[in-house]
Amino acid sequence: MKKMKFAKKLEISQKKKFESRFSAFKLQAKFCLFSVLFSFIFAGISMGVETIHALDFSGNGPLFLSNKQIKEDLAQTERLLRENYVRYPILEKTGVNWKKAFQKMADHFLTNKNPTLTHHFQKQLIKGLEFTEDSNMRTDLFLKKRHYVQRVEPKAAFFSGIRLAQQQERFRVLPNLKLASKIVNHWYIDCATAQEVFYPILPERQSEMLFMLGQQANHQLEPLNCEFENDSGEKQNIRLPLLVTVAELNRPEMPVYKFVGGRIPYIRWYRDGKTEERAVKQFQKLARKLRKIPNLIIDVRGNKSGSFAFIEKWLKEFTSNNWKNVIVKERQTISILKGLLNRVQWNLHHSSARLLIGQDQLERKRQQLLALIDHFREKGIEEKWVETKFIFNGNKNAPRWKTRLIILTNRHCGNGCQFLAALTKQIPQGILIGTNTGPFPRNTSRPIFQLQHSRVMLSFSHRLHLNHQEKPVSPSGYLPDYWFFPPMKISDIQRFVSKTN
């Protein structure tokens, strides 16, 4: 009897092992099947659609490029941007000469006596596109088992610590501890570079206009060499080191929020929370408690994952007002849809056989894109725009909006943060403080196009971020009304609000 039980247990154990191995085999087989399907479909063998060339991840492209290959890849890049990049006509209207920009790139390469390394071409291509200031612009190159990534880096605000007060058409240096001791009350004349920036900062009195002297760049800068003069006309030059604020990013273990009461209440919204969380329920109660306050500061610095849906529930407890203040428009053409099909291939190539659900979703997405391409071709559709609006409808039982809203942001600004930032531009007396809010919407589902000779993969956004007036928002996001640099504190904002009521 014991031998029979042992034999039965052994049989069950072996059966489970077999089922486990067979399940793993099915997963691997399904992954291989997806890869094979992609190869056949992109090669144009089946499905009854025109040929869609697959992305080449082999890394077998050329190490060097000839002048002829460079010229043809640059011409292809210019054409891809002209036909597919949503900001192409916007930049053109602001005075950007695209043909001249690409001619400048071509001239740079053609002066080289030696053949150009392919990954150097990739690097210079992105450098030549930095004028777009669009951090969604990216290139990938797979070459000899290496993956090179180049992207347009966003500009950061470098500051000198020198505060300037505007008096008529001139700028006077304000006292600022030891930094400006030699030039206090001197007049600003000029800097050796023509790229200095005057960042508006919080004034100490209602009637004055204050600025921070600095620059904007996506790389470390040399000190500013600037000239100042006193009331007697004596001039002196001073070198001003430039600093950049590290944009803090909230961690998942942080609390949902922090609240500090007082004459001007302060809320720090760190992250979303689940409905059943005690902190979330307390957060909702706080909205009802604050309904009648005249001023409110909401700090959303670092809240990159905070959602519109979460802050919408809070605002519904707070007000009955309605707003439509963030709009995303997506451009669709057959060419862009093919680029999105390439993105599906990219995602599948970088996925794991264990992520079966994700691969099923990718397969459905691929089928949808193929069907959409067929629909565009059959109906003769050249272009279509799909619009998404972040619409807020307040709770009719809540009071009307009477609060002066002050929002504090940095570049790590998620959907909820972007909505609040946009709200300050729409409501009476709304104020945005901090830094620019960064690109929106953030996503990785950008179309990808591969250049013929270099095999460089070029990707950029096919979406436009519009404000409540349906005007395009810069790729750097909303600019603050007042910039917030160290050693400025929350108490400075509260002091400013109390003095400007």
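Located above this text is the structure these notes cover.
As the structure is a computational prediction, the values presented were derived from the model and not from experiment.

Asker: Could you give an account of the sheet that holds strand β16 (residues 322-332), naming the residues involved and the relevant values?
Answerer: Ordered by their spatial adjacency, 3 strands build an open sheet running β17-β16-β22, and the pairing between neighbours is antiparallel. The sheet is open, and its two edges are formed by β17 (384-393) and β22 (463-466), each paired on a single side. Strand-to-strand twist across the sheet, computed as the mean angle between neighbouring axes with direction ignored, equals 20°. On the sheet, helix α10 (residues 415-424) packs against β16, β17 and β22 and is oriented at approximately 120° with respect to β16.

Asker: For the sheet that holds strand β3 (residues 138-143), give the residues involved together with the corresponding values.
Answerer: A sheet is described by the order of its strands in space; here 4 strands give the open sequence β4-β3-β21-β20, paired in antiparallel fashion. The open sheet terminates on both sides in strands that have one partner only, identified here as β4 (146-151) and β20 (448-450). Along the sheet, successive strands turn relative to each other by an average axial angle of 20°, direction set aside. Each of β3, β4, β20 and β21 (457-459) touches helix α8 (residues 334-349); the most contacted strand, β20, lies at about 90° to it.

Asker: Give a description of the pattern of salt bridges that names residues and reports values.
Answerer: As enumerated under the stated definition, the model contains 23 salt bridges in all. Among the ionic pairs, Arg205 bridges to Glu208, the shortest N-O distance being 3.1 Å. Judged by relative accessible area, which is 52%, Arg205 ranks as exposed. Judged by relative accessible area, which is 16%, Glu208 ranks as buried. A salt bridge links Arg288 to Glu317, with the nearest nitrogen and oxygen atoms 2.7 Å apart. Here Arg288 is found in helix α6 (residues 278-289), whereas its partner Glu317 is found in helix α7 (residues 308-318), with 29 residues between them in sequence. One continuous salt-bridge network, built from bridges that share partners, spans Glu248, Arg268, Asp299 and Arg301.

Asker: I'd like a description of helix α11 (residues 490-499), backed by residues and values.
Answerer: Every buried residue of α11 is listed here: Ile490, Ile493, Phe496 and Val497. Summarising the axial view, the buried residues of α11 lie within an arc of 120°, below the 170-degree limit, and thus occupy one face. Looking at the packing, one finds that the buried side of α11 touches β14 (266-269), β15 (295-299), β18 (404-409), β19 (431-434) and β23 (482-483).

Asker: Can you tell me about unusual backbone geometry, naming the residues and giving the values?
Answerer: Residue Pro441 follows Phe440 across a cis peptide bond; omega there is -5°. Inspection of the secondary structure assignment puts Pro441 in the loop between β19 and β20. Cis geometry is adopted by the peptide bond preceding Pro487, which originates at Pro486 and carries an omega value of 5°. Looking at the element boundaries, Pro487 is found in the loop between β23 and α11. You will see that Asn185, though not glycine, has its phi angle at about 65°, which is positive. Tracing the sequence through the fold places Asn185 in the loop between β6 (170-173) and β7 (187-191). Among the residues examined, Asn185 registers a relative accessible area of 41% and is labelled partly exposed.

Asker: Which residues make up the packing of α7 against α10, and what values do they have?
Answerer: The N-to-C vectors of α7 and α10 enclose an angle of 50°; their axes lie 7 Å apart at closest approach. Considering their axes alone, α7 and α10 lie oblique with respect to each other. Contacts between α7 and α10 involve Phe308, Ile311 and Leu315 from the first element and Asn415, Gly416, Phe419 and Leu420 from the second.

Asker: Give me the lowdown on the state of the cysteines, citing residues and values where you can.
Answerer: Evaluation of the coordinates by the stated rule reveals 2 disulfides. Each disulfide pairs two cysteine sulfurs, and for Cys191 the partner residue is Cys226, the sulfurs being separated by 1.9 Å. An S-S torsion of about 90° defines the bridge between Cys191 and Cys226 as right-handed. Of this pair, Cys191 sits in strand β7 while Cys226 sits in strand β10 (residues 224-229); the two residues are 35 residues apart in sequence, bridging distant segments of the chain.

Asker: Which residues make up the side chain of Thr116, and what values go with them?
Answerer: Its location among the elements puts Thr116 in strand β2 (residues 116-117). Apart from residues no more than four positions distant in its own chain, Thr116 is found in contact with Leu63, Phe64, Leu65, Ile70, Phe109 and Phe121.

Asker: Let's hear about the layout of surface pockets: which residues, and what values?
Answerer: One way to see where empty space is left: roll a probe the size of a water molecule over the atoms. Counted as a void, the largest pocket has a volume near 1100 Å³. Residue lining of the largest pocket: 45 residues in total, with Pro154, Arg411, His412, Gly438 and Arg442 positioned closest to the centre. Put simply, the parts of the chain that give the lining of the largest pocket at least two residues each are β5 (156-167) and β9 (210-217). Broken down by element, the lining of the largest pocket gets its largest block of residues, 3 residues, from β5.

Asker: Outline the side chain of Arg271, supporting the account with residue identities and numerical values.
Answerer: Looking at the element boundaries, Arg271 is found in the loop between β14 and α6. A polar side-chain atom of Arg271 sits 2.5 Å from the main-chain carbonyl oxygen of Met254. Aside from chain neighbours lying at most four places away, what touches Arg271 is Pro252, Met254, Pro255, Val256, Glu277, Asn303 and Phe310.

Asker: How would you summarise the packing of aromatic side chains if you had to cite specific residues and measurements?
Answerer: Using the criterion set out here, one finds 31 aromatic pairs in the structure. The ring of Trp385 is capped by Lys329, whose NZ or CZ atom sits 5.3 Å from the centre of that ring.

Asker: Could you give me a rundown of the nonpolar core, with the residues and numbers involved?
Answerer: Ranked by internal contacts, the top residues of the largest apolar core, which has 39 residues, are Leu296 and Trp314. At the level of elements, β14, α6, β15, α7, β16, β17, β18 and α10 are the ones that each hand at least two residues to this core. If we skip the residues at most four places from it in the chain, Trp314 touches Ile267, Phe283, Gln284, Ala287, Leu290, Leu296 and Ile298.

Asker: So what about the environment of Ala106? Which residues, and what values?
Answerer: Along the chain, Ala106 falls in helix α4 (residues 98-110). Of the residues examined, Ala106 reaches a relative accessible area of 11% and is grouped as buried.

Asker: Describe empty space enclosed by the protein, with residues and values.
Answerer: Within the structure shown, the criterion is met by 2 cavities of 30 Å³ or more. Roughly 130 Å³ of volume is contained in the largest cavity. Every residue lining the largest cavity is counted, 15 residues in all, and those nearest its centre are Arg87, Asn136, Phe440, Arg463 and Pro475. In terms of residue class, the lining of the largest cavity is built from 8 nonpolar, 4 polar and 3 charged. Roughly 40 Å³ of internal volume is contained in the second largest cavity. Every residue along the wall of the second largest cavity is listed here: Asp56, Gly59, Asn60, Gly61, Phe142, Gln450, Arg455 and Met457. For the lining of the second largest cavity, the class distribution of residues is 2 nonpolar, 4 polar and 2 charged.

Conventions adopted
- Residues numbered from 1 in each chain as written.
- Predicted model: local features only at pLDDT ≥ 70, side-chain atom pairs only at ≥ 80, totals over all residues.
- Heavy atoms only, no water.
- Pairing = 2+ DSSP bridges.
- Helix = DSSP H or I, 4+ residues; strand = E, 2+ residues; numbered from the N terminus.
- Axes fitted to C-alpha atoms, helices over the stretch in contact; angles between N-to-C directions.
- Contact = heavy atoms within 4.5 Å.
- Salt bridge = Lys/Arg side-chain N within 4 Å of Asp/Glu carboxyl O.
- Buried < 20%, exposed > 50% of the residue type's maximum accessible area, 1.4 Å probe, protein only.
- Arc of directions from axis to C-beta.
- Parallel < 35°, antiparallel > 145°, perpendicular 65-115°, else oblique.
- Disulfide = S-S within 2.5 Å.
- 1 Å grid on protein atoms, 1.4 Å probe; cavity = no way out; pocket = protein on both sides within 12 Å on 5 of 7 lines; lining within 4 Å.
- Points joined across faces, edges and corners; volume = space filled by probe spheres on them.
- Polar contact = N/O pair within 3.5 Å; in protein donor to acceptor, adjacent residues only side chain to side chain.
- Phe/Tyr/Trp six-rings, centres within 6.5 Å; stacked < 30°, edge-to-face > 60°.
- Lys NZ or Arg CZ within 6 Å of the ring centre and 35° of its normal.
- Core = buried A, V, L, I, M, F, W, Y, C linked by side-chain atoms within 4.5 Å.
- Nonpolar A, V, L, I, M, F, W, Y, C, P; charged D, E, K, R; others polar.

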